[in-house]
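Residues per chain, in single letters:
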Amino acid sequence: MTAHTWRNWSGTATAHPSRIARPRDEGEVVDLVRAAVAAGSTIRAVGAGHSFTPAAATEGTLVHLDALDRLEHVGPPAADGSRLVTVGAGIRLHALCRVLADHGLALENMGDIDRQSLAGAISTGTHGTGARLGGLATQVHGMRVVTADARVHDVGPDSPDGGADLFELARLSLGTAGILTAITLRCVPAFTLTAAEAPLPLPHVLESLVDLAVADHFEFYWFPGTDVALTKTNTRDGAAPPLPPLRRFLHDEALANGVFEVTNRIATAVPGLTPHLNRLAARALGARTYTAASHEVFTSPRRVRFAEMEYALPAEALVDALGEVDTWLRRSRENVPFPIEVRFAAADRVWLSTAYGRPTAYVAVHQYHRLPYARYFRAVEAIMRGYDGRPHWGKLHRRRAADLAPAYPRFADAAAARGRVDPSGVFANSYVDQVLGAHTEPTPAR
Ligand SMILES: Cc1cc2nc3c(=O)[nH]c(=O)nc-3n(C[C@H](O)[C@H](O)[C@H](O)COP(=O)(O)OP(=O)(O)OC[C@H]3O[C@@H](n4cnc5c(N)ncnc54)[C@H](O)[C@@H]3O)c2cc1C
């Protein structure tokens, strides 16, 4: 019998860790890892529990790193004004943004919320939107990681003796490289964003993607069954007036959260109303333009609970893939009162990044937490697989290591590095064994 129950934000994963630990410093993390290895047990760090998959789940020791949240170092400015900043890996993104702002700095790009821990966000490949930019892991320059030998490794892209491989794995490893205790990020000078939000006809948006996606940060939401795309175009250092606080509250809290919860409850009780509610929602969240600090524009509160699956596609496959999703939704008449979200990212070189080696379009499907999602997500997953889609590691999907491996050119390198730093699988859980393969025998470093 175990004493603890852990549940993730969306309620889609539960675990019963034998122990919950809250180390106060790196030394205590080392002790915890040593103890887990000696006991032949497992150990995993958890951030904010915002992954929809059981990425953080463990029956062994669950480690909260909330105490490792300090600013450690701010480096000198590079020629472009960026600086390397080292922070405790457990810091939450909202706290990190405040610390950076105090130093006149910011993250280059962010996803749509700021509740995650930094370590958790990079470990699953969390990303925002911007066709010239990568996800959070691409902003990582170095890290300290406690591996299964109970040693602290301080690694970066040029580290000798297998350190560079450990770095490549650890900056997106679902926790399989070890426990991250500190992360060094390349941060840019603080900037403002002007957000231009506008409903546009979906066919127009799909025809104009090449032009629209050249913006610094472009994304759109599409409510199933409608022909409207709610576009959001964020431009750096713009000059629109800020939103009056009451308008911001009405949009972000009342419409996007309060009323949205009510429309979802109605859609759950009376599915026949969903197409009308979707049309209403697409109209209600109308046009607005405002300027604010970058992190205030990138992120907003998400209080309506949902389940999510997100697929990364080669950017050129987006229009055809969305067309197939539309056809399936219309044929199946699936009850979906949540919008589909489309974002963009540049190709990157992070081994297990969903944008590895190709300009990427992300398609995220959501379902209200009181409605079933399995049939919808299965159908969309089948479509996305047909376009060589890669699932977000922190969002729901049904893929396995055997069929993910061919989608990632560096999959075997990641597996080999994992085998070397964690030969007995002390950082494993059933989810990472499912998606990365059961831990392998160590292979010698190149
Ligand atoms: C409302 C909502 C909005 C979201 N928006 C976006 C978005 O815009 N873009 C996007 O890409 N994703 C998004 N996500 C997904 C989310 O960013 C990821 O799932 C992220 O991993 C969650 O961070 P976390 O701190 O909650 O990590 P957790 O879910 O707690 O953990 C994630 C993984 O990181 C590992 N981990 C945590 N800490 C450490 C550590 N110190 N060392 C080693 N491994 C560690 C865990 O073991 C686990 O494998 C969203 C999720 C929700 C619920």
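Procedures and definitions
- Residues numbered from 1 in each chain as written.
- Predicted model: local features only at pLDDT ≥ 70, side-chain atom pairs only at ≥ 80, totals over all residues.
- Heavy atoms only, no water.
- UniProt positions renumbered as here; feature names shortened; annotations may be inferred.
- Helix = DSSP H or I, 4+ residues; strand = E, 2+ residues; numbered from the N terminus.
- Salt bridge = Lys/Arg side-chain N within 4 Å of Asp/Glu carboxyl O.
- Buried < 20%, exposed > 50% of the residue type's maximum accessible area, 1.4 Å probe, protein only.
- Domains from an automatic or database assignment.
- Buried area = accessible area lost by both parts, 1.4 Å probe.
- Polar contact = N/O pair within 3.5 Å; in protein donor to acceptor, adjacent residues only side chain to side chain.
- Nonpolar A, V, L, I, M, F, W, Y, C, P; charged D, E, K, R; others polar.
- Axes fitted to C-alpha atoms, helices over the stretch in contact; angles between N-to-C directions.
- Parallel < 35°, antiparallel > 145°, perpendicular 65-115°, else oblique.
- Left-handed = near helix turned anticlockwise from the far one by under 90°.
- Contact = heavy atoms within 4.5 Å.
- Phe/Tyr/Trp six-rings, centres within 6.5 Å; stacked < 30°, edge-to-face > 60°.

**Remarks on the UniProt feature "domain: FAD-binding PCMH-type" (unreviewed entry) in the chain**
Phase 1 of the analysis: Following the UniProt record, the feature "domain: FAD-binding PCMH-type" (unreviewed entry) maps to residues 13-190 here.
Phase 2 of the analysis: Helix and strand shares over residues 13-190 are 21% and 26% respectively, and the end C-alpha atoms of the span are 36 Å apart.

**Some points on unusual backbone geometry**
The phi torsion of most residues other than glycine is negative, and most of the peptide bonds are trans.
Phase 1 of the analysis: One non-glycine residue, Asp-161, lies in the positive phi region at around 55°.
Phase 2 of the analysis: You will see that Arg-333, though not glycine, has its phi angle at about 55°, which is positive.
Phase 3 of the analysis: Take Arg-333: it is sitting in the loop between α10 (318-332) and β17 (340-345).

**Re the pattern of salt bridges**
Phase 1 of the analysis: The final tally for this structure, using the stated rule, is 31 salt bridges.
Phase 2 of the analysis: Of the charged contacts in the structure, one is a salt bridge between Asp-80 and Arg-186, with a shortest N-O distance of 3.8 Å. On the criterion of sequence distance, the pair formed by Asp-80 in the loop between β6 (71-74) and β7 (83-88) and Arg-186 in strand β11 (residues 179-189) is long-range, its members being 106 residues apart.
Phase 3 of the analysis: In this structure, Glu-341 engages Arg-343 in a salt bridge whose closest nitrogen and oxygen atoms are separated by 3.6 Å. Here the two residues Glu-341 and Arg-343 agree in accessibility, since each one is buried.
Phase 4 of the analysis: Counted as one network, the salt bridges with shared partners bring together Asp-112, Arg-302, Glu-308, Glu-310, Glu-341, Arg-343 and Lys-395.

**Focus: the domain arrangement of the chain**
Phase 1 of the analysis: In terms of domain boundaries, the chain breaks down into domain 1 (71-190) and domain 2 (192-391).
Phase 2 of the analysis: A C-alpha centroid distance of 26 Å is found between domain 1 and domain 2.
Phase 3 of the analysis: Of the roughly 2,300 Å² buried between domain 1 and domain 2 on both sides combined, carbon and sulfur atoms contribute 55%.
Phase 4 of the analysis: Taken as a group, Asp-112, His-127 and Thr-129 account for 29% of the area that domain 1 buries against domain 2, more than any other trio of residues on that side.
Phase 5 of the analysis: Linking domain 1 with domain 2 are 3 salt bridges, by the criterion used here.
Phase 6 of the analysis: For Asp-112, the salt bridge identified is with Arg-302, shortest N-O distance 3.5 Å.
Phase 7 of the analysis: Where domain 1 packs against domain 2, one counts 12 residue pairs in polar contact (both at pLDDT 80 or more).
Phase 8 of the analysis: Broken down by class, the residue content of the side of domain 1 that touches domain 2 amounts to 10 nonpolar, 7 polar and 7 charged.

**Topic: the environment of Val-304**
Phase 1 of the analysis: Checked against the element boundaries, Val-304 lands in the loop between α9 (294-298) and β16 (306-314).
Phase 2 of the analysis: Residue Val-304 is classed as buried on the basis of its relative accessible area, which comes to 4%.

**Remarks on the packing of helix α4 (residues 163-170) against helix α13 (residues 411-421)**
Phase 1 of the analysis: Between α4 and α13, the shortest axis-to-axis distance is 9 Å and the interhelical angle comes to 110°. Compared by their axis directions, α4 and α13 come out roughly perpendicular. Of the two possible hands of crossing, α4 and α13 adopt the one that is left-handed. Contacts between α4 and α13 involve Asp-165, Leu-166 and Leu-169 from the former and Ala-414, Ala-417, Arg-418, Arg-420 and Val-421 from the latter.

**Thoughts on the packing of aromatic side chains**
Given two aromatic rings, their pairing is described by the distance between the two centres and the angle made by the two planes.
Phase 1 of the analysis: Tallied over the entire structure, the rule returns 12 aromatic pairs.
Phase 2 of the analysis: Their ring planes at 35° and their centres at 5.6 Å tell us that Phe-52 and Phe-306 sit as a pair that is tilted. Taken together, the residues Phe-52 in the loop between β4 (43-46) and β5 (61-64) and Phe-306 in strand β16 connect sequence positions 254 residues apart. Residue Phe-52 shares its accessibility class with Phe-306, and that shared class is buried.

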